[in-house]
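Residue strings, one per chain:
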Amino acid sequence: MVSEVLAALNPKPDGSYADGTIGGGGHAAAILRASTPTGRLFGCDRDGAALEAAAARLAEFAGRFELRRGNFADLADWIEAGSCEGVLLDLGVSSPQLDQAERGFSFQQDGPLDMRMDRREALTAASLVNDAGADELLEIFRDLGEEPEARRLARAIESERRFRRFETTRQLAELVERIAPRRGRRLHPATRVFQALRMAVNDEVGVLRRGLDAAVRILRPGGRLAVITFHSVEDRAVKEFGRERSRDYVVSAGPDVPELRRPAVPTLRWVNRKAIAPSLAEIAANPRARSAQLRVLEKI
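Residues numbered from 1 in each chain as written. Predicted model: local features only at pLDDT ≥ 70, side-chain atom pairs only at ≥ 80, totals over all residues. Heavy atoms only, no water.

## Description of helix 7 (residues 134-145)
Here helix 7 is 12 residues long and its end C-alpha atoms lie 15 Å apart, about the 16 Å a rise of 1.5 Å per residue gives. If you check which residues of helix 7 are buried, you get A134, L137, L138, I140, F141, L144 and G145. Among the structural elements, helix 6 (125-131), helix 8 (150-160), helix 10 (191-201), helix 11 (204-218) and helix 12 (232-246) are those in contact with the buried residues of helix 7. One or two positions beyond helix 7, positive phi appears at E146, with a value near 50°. (Helix = DSSP H or I, 4+ residues; strand = E, 2+ residues; numbered from the N terminus. Expected span 1.5 Å × (residues − 1). Buried < 20%, exposed > 50% of the residue type's maximum accessible area, 1.4 Å probe, protein only. Contact = heavy atoms within 4.5 Å.)

## What to know about the pairing of strand 5 (residues 219-229)
Of the pairings in the sheet, the one linking strand 4 (residues 84-90) to strand 5 comprises 6 bridges and is parallel in character. From the neighbouring strand, C84 faces strand 5, where its bridge partner is L219. Alignment of strand 5 against strand 9 (residues 293-299), held across 6 bridges, turns out to be antiparallel. By the bridge assignment for strand 9, T229 is matched with Q293. (Pairing = 2+ DSSP bridges.)

## Thoughts on the packing of helix 9 (residues 169-179) against helix 10
At a closest axis distance of 9 Å, the pairing of helix 9 and helix 10 adopts a crossing angle of 130°. Here helix 9 lies oblique to helix 10, going by the angle between them. Where helix 9 approaches helix 10, its residues T169, L172, A173 and V176 are matched on the opposing element by V193, F194 and L197. Classifying every residue of the contact of helix 9 with helix 10 by side-chain character gives 6 nonpolar, 1 polar and no charged. (Axes fitted to C-alpha atoms, helices over the stretch in contact; angles between N-to-C directions. Parallel < 35°, antiparallel > 145°, perpendicular 65-115°, else oblique. Nonpolar A, V, L, I, M, F, W, Y, C, P; charged D, E, K, R; others polar.)

## Observations concerning the layout of surface pockets
Considered as a void within the structure, the second largest pocket measures approximately 170 Å³ in volume. Lining the second largest pocket are 14 residues; nearest its centre among them are R46, D118, E121, V201 and N202. Looking at the lining of the second largest pocket residue by residue, the class counts come to 4 nonpolar, 3 polar and 7 charged. (1 Å grid on protein atoms, 1.4 Å probe; cavity = no way out; pocket = protein on both sides within 12 Å on 5 of 7 lines; lining within 4 Å. Points joined across faces, edges and corners; volume = space filled by probe spheres on them.)

## Notes on the packing of aromatic side chains
The tally for this structure, following the rule as stated, stands at 2 aromatic pairs. Ring centres 6.0 Å apart and planes at 85° place the aromatic pair F42 and W78 in the edge-to-face group. Note that F42 is positioned in strand 2 (residues 40-45) and W78 in helix 4 (residues 75-78), a separation of 36 residues in sequence. You'll find F42 and W78 in the same group, each marked buried. Seen from their ring centres, F107 and F194 are 5.0 Å apart, and the 80° between their planes marks the pair as edge-to-face. Remark: F194 occurs in helix 10 and F107 occurs in the loop between helix 5 (95-99) and helix 6; sequence separation between them is 87 residues. When its relative accessible area of 15% is taken as the criterion, F107 is described as buried. (Phe/Tyr/Trp six-rings, centres within 6.5 Å; stacked < 30°, edge-to-face > 60°.)

## What to know about the pattern of salt bridges
All chains considered together, the criterion is met by 22 salt bridges. A salt bridge links R116 to D114; the nearest nitrogen and oxygen atoms lie 2.7 Å apart. By the burial criterion, R116 is buried, and D114 matches it. Across the pair R178 and E160 runs a salt bridge whose closest N-O atoms are separated by 3.6 Å. A residue pair is termed long-range when its members are at least 10 positions apart, and R178 in helix 9 and E160 in helix 8 qualify at 18 residues. On the basis of relative accessible area, E160 is assigned to the buried category, the value being 18%. (Salt bridge = Lys/Arg side-chain N within 4 Å of Asp/Glu carboxyl O.)

## A short note on unusual backbone geometry
Backbone geometry follows two general trends: most residues other than glycine have a negative phi, and most peptide bonds adopt the trans configuration. Note that the residue after T36, namely P37, is joined by a cis bond; omega there is 15°. Looking at the secondary structure, you find P37 in the loop between helix 2 (26-34) and strand 2. We note that D203 has phi near 50°; this positive angle belongs to a residue other than glycine. Along the chain, D203 turns up in the loop between helix 10 and helix 11.

Structural data, given as structure tokens:
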């Protein structure tokens, strides 16, 4: 969604921008090109391989960007408050991560149950699948994957691992398909389970909530925050954040206190109330973009 992101952020020749999920550097390169000659970009990613790819792609803009390996929840720790005209967060897993079997993000190829965006971290998908209790797995599958068969799948995993540990993506996907057969559905039965495990391993919802706060801190008044989500759990978190920050009131309530609305000063406004979807041409060129949604907020 490069053209949509550029339209949302409207890069200026002397502006400063942040890309908290820089990936291979595609959006970052477009922002730097649009902010020629002196626009600057701060970029980070948890994936060391992604940062290397981004650095190579951005080499033509030498001196105009700064990259760090880390979490976008920490943007405000190294970027000056109120200094950026725009911040981009392109959430989810990248195509290179999905396509590398050894990363364990996809069941399309057999690989280790890993799913770490930052491979320096200890927790893997295998750790969760083999060691988490059935109740914890149920919550992960239900809350992060919105999986209707969450309880059955959690119990099946708990039963199966008594005889052998789960080590590979194919092993887990085959169990899920056995418990919840496809029966003509477009989505593979393991899709939601893999999404949920990936989100749990990388604390994606927690990181998103902290990252949205950090993004607002580094934006200047009038600066814009653009967020691309790929499923309803992420999108709901962005919408809730936007609603809270754009209200002119706060709600107080408690077990013995009726709901009370108090005036408040909003810090953000919606640029577009309705999410922006990718073009049909982009979906045709990249089918993985079909579920993308872009939401844009502006700091007041």
